[in-house]
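Descriptive analysis of the structure
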Amino acid sequence: MHDREFGNGNGYSNGNGYTNGNSYTNGNGYTNGNGYSNGNGNVNGNGEANGAKVIKMKPMDSELLREQGHIMVDFIADYYKNLQDSPQDFPVLSQVQPGYLRDMLPDSAPDQPESLKELLDDVSKKIMPGITHWQSPSYFAYYASSTSVAGFLGEMLNAGLSVVGFTWLTSPAATELEIIVLDWLAKLLQLPDHFLSTGNGGGVIQGTGCEAVLVVVLAARDRILKKVGKTLLPQLVAYASDQTHSSFRKACLIGGIHEENIRLLKTDSSTNYGMPPESLEEAISHDLAEGFIPFFICATVGTTSSAAVDPLVPLGKIAKKYGIWMHVDAAYAGNACICPEYRKFIDGIENADSFNMNAHKWLFANQTCSPLWVKDRYSLIDALKTNPEYLEFKVSKKDAVVNYKDWQISLSRRFRSLKLWMVLRLYGSENLRNFIRDHVNLAKHFEDYVAQDPHFEVVTTRYFSLVCFRLVPVDGDEEKCNERNRELLAAVNSTGKIFISHTALSDKFILRFAVGAPLTEEKHVTEAWQIIQKHSSKFTCNGHY
């Protein structure tokens, strides 16, 4: 990245910002003792002039917030604009080396305040080179971390109000809005009524899908131990496929489940890497015969590697037959299920005990926002509740209010429902559905490119906006093929023009192309394919194998 900053070449300037690189002007200059003065420091209402000592710091001054907030919004807006207009200045995958920042920053924090101008200059020159630009229109790695104006505004309001809504009392609106908004979203997903707040279930916004999986593992563990006794914890067994997110294993280990009791059932291309129901039932039957206690099944809709879909209908029947808690992790693909044509992928959800999705992945709610619904809220609360005297307050009757501290690991919690509420209201469900459909169509566009090139192959059936593909093997040499695909991945990403990621399926090195960044258009998909084709030519002879 060149020594380029946001605005002009010497500083941040759009008529309302930095002009001479040393002071804040705002057109006619902001010098009334409430902001920057003579370029020597940051004042906060008591003034700092000619190096004079600041009398008193005011961490929250409404006028300073107004002035500097405008600067920051302009800075961020320019960032998004420049991602589109000047992509050459923003390598999608950061090209820095480990430890690059240590030599660029001081060894200790400053004793005296520095100006926002200086800080933003450092962001441009020192922080930005070390950023992998997840919001770039040419970001196609992992799954997206989607943003939107509505989500951003919700985050601003959340930060501004800065409430800590661990109980209803600490901010009634924070609790009640979360209940209402998650009922809205549950209805968009056509979830069964038992997941709504009007019954014994309900929803809660976790920070991430990893947290969601952890809390339901704990709930399922405690539910079964109440029946069989706590001493039988070593006999508990949990099941998932070998494509399940690594957070499942971590959640089990945190919950005290022995590593050897975590069953990861093998998948292959015959089921498009979905969990085979017959393998699950066979494993459960075997474990029961050996004296183990099956207690948890984690099914996935949209796996991390390939967006595979586990068949919920037969899995749910098995779970119901044996009285096992079934959780459905739909962190990525669950968002698409607000579209009627994709709702079929969660058919069978009626037999699940819990369901989660990440609205920050593909519903434009900004990091972090992971809605979780449970069929029986009391199983979750019983596993996680704490009742210290200093948090007690009286209510008219039991269950009159929800205290979300008892639905999650931490005590403190952010007002995350604000941004989800704003996304749903400012865009409307039909616009959200259409945006998701656009991303799926862009993935189909890329898939068509791959299918038309004899040097490449699509590896798995595409359900959503992820395409799994690779260079085809020559003479059946899979080892050499894996090596070539690794080299291709490194070459493509080293350009800084696009970023894609990889996975492994049936011992094959697979390239992943995931559409989900909010700025991505068809031209970016086409450019990405051209880059991939260009760098793949080194593996061909005169354009052919």
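Counting restarts for each chain, with residues numbered from 1 along the sequence as it is written. Whole-chain, interface and lining totals are the exception, using all residues; otherwise, since this is a predicted model, local features are given only for residues with pLDDT of at least 70 and side-chain atom pairs are given and counted only at 80 or more. Only hydrogens and water are set aside when side-chain values are computed; all heavy atoms of the structure are taken into account.

UniProt positions are given in the numbering used here, feature names are shortened, and annotations may be inferred rather than shown by experiment. Listed under Cofactor (unreviewed entry) in UniProt, the entry text for the protein chain is "pyridoxal 5'-phosphate".

**Concerning the sheet that holds strand E6 (residues 354–356)**
A pair of strands is labelled paired if DSSP reports no fewer than 2 bridges between them. By definition, any uninterrupted DSSP run of H or I lasting at least four residues is a helix, any uninterrupted run of E lasting at least two residues is a strand, and each is numbered from the N terminus. Strand order in the open sheet made by the seven strands is E1-E7-E6-E5-E4-E2-E3, with mixed pairing throughout. Single-partner strands in this sheet number two, and they are strand E1 (202–206) and strand E3 (262–265). Averaged over neighbouring strand pairs, the angle between their axes works out to 20° when direction is ignored. As paired strands, strand E4 (residues 293–300) and strand E5 (residues 325–329) are joined by five bridges and run parallel to one another. Residue cysteine 298 lies in a different strand from E5, and its bridge partner there is histidine 327. Angles here are taken between N-to-C directions and fall from 0 to 180 degrees, while the axes themselves are lines fitted to C-alpha atoms, restricted in helices to the stretch in contact.

**Examining the pairing of strand E7 (residues 370–374)**
Side chains on a regular strand alternate between the two faces of the sheet. Here the term buried applies to any residue with accessible area under 20% of the maximum for its type, exposed to any over 50%, and partly exposed to those in between, with areas from a 1.4 Å probe on protein chains only. By the criterion of burial, E7 is predominantly enclosed, with five of the five residues buried. Of the two faces of E7, the one lined by Ser370, Leu372 and Val374 and the one lined by Pro371 and Trp373 are each fully buried. Sheet topology places E1 next to E7; five bridges connect them, and they run antiparallel. Bridge assignment links valine 204 to a residue of E7, and that residue is leucine 372. For E6 and E7, the ladder comprises three bridges, and the chain directions are antiparallel. In the strand pairing of E7, phenylalanine 355 is matched with tryptophan 373.

**Quick word on the side chain of serine 379**
Mapped onto the secondary structure, serine 379 falls in helix H10 (residues 377–384). Any pair of nitrogen or oxygen atoms within 3.5 Å is treated as a polar contact; in protein, a donor-acceptor pairing is required on top of that, and neighbouring residues in sequence qualify only through side-chain atoms on both sides. Reaching out from serine 379, the side chain makes a polar contact with the side chain of aspartate 376 at a distance of 2.8 Å. Two residues qualify as a contact provided that any one of their heavy atoms is within 4.5 Å of a heavy atom in the partner residue. In this structure serine 379 touches Ala219, Arg223 and Trp325, once residues within four positions along its chain are discounted.

**With respect to the pattern of salt bridges**
When a carboxyl oxygen of Asp or Glu lies within 4 Å of a side-chain nitrogen of Lys or Arg, that pair is called a salt bridge. Across all of its chains, the model carries 25 salt bridges by this definition. Glutamate 155 is paired through a salt bridge with arginine 414; the nearest N and O atoms lie 3.2 Å apart. In this pair, glutamate 155 sits in helix H3 (residues 149–161) while arginine 414 sits in the loop between H10 and helix H11 (417–427), placing the two residues 259 residues apart along the sequence. On the basis of relative accessible area, glutamate 155 is assigned to the buried category, the value being 17%. For lysine 419, the salt bridge identified is with glutamate 155, shortest N-O distance 2.8 Å. In this pair, lysine 419 is assigned in helix H11 and glutamate 155 in helix H3, connecting sequence segments 264 residues apart. Assessed through its relative accessible area of 1%, lysine 419 is described here as buried.

**Structural notes on helix H8 (residues 312–322)**
Every α-helical turn comprises 3.6 residues, leaving residues that sit three or four positions apart pointing alike. Residues of H8 that are buried: Leu312, Leu315, Gly316, Ile318 and Ala319. Looking down the long axis of H8, one finds its buried residues gathered within 160° of arc, a one-sided arrangement. Exposed residues on H8 whose side chains face more than 90 degrees from its buried face are Lys317, Lys320 and Lys321. Each element contacted by the buried residues of H8 is listed here: helix H7 (277–289), E4 and E5. By construction, the arc corresponds to the directions joining the helix axis to the C-beta atoms.

**Digging into H10**
Of all eight residues that make up H10, six are buried, and the element is covered over most of its length. Along H10, the residues classified as buried are Arg377, Ser379, Leu380, Ile381, Ala383 and Leu384. Next to the buried residues of H10 lie helix H5 (209–228), E5 and E7. Put simply, aspartate 376 is the residue that caps the front of H10, since its side-chain oxygen is 3.1 Å from the backbone nitrogen of tyrosine 378.

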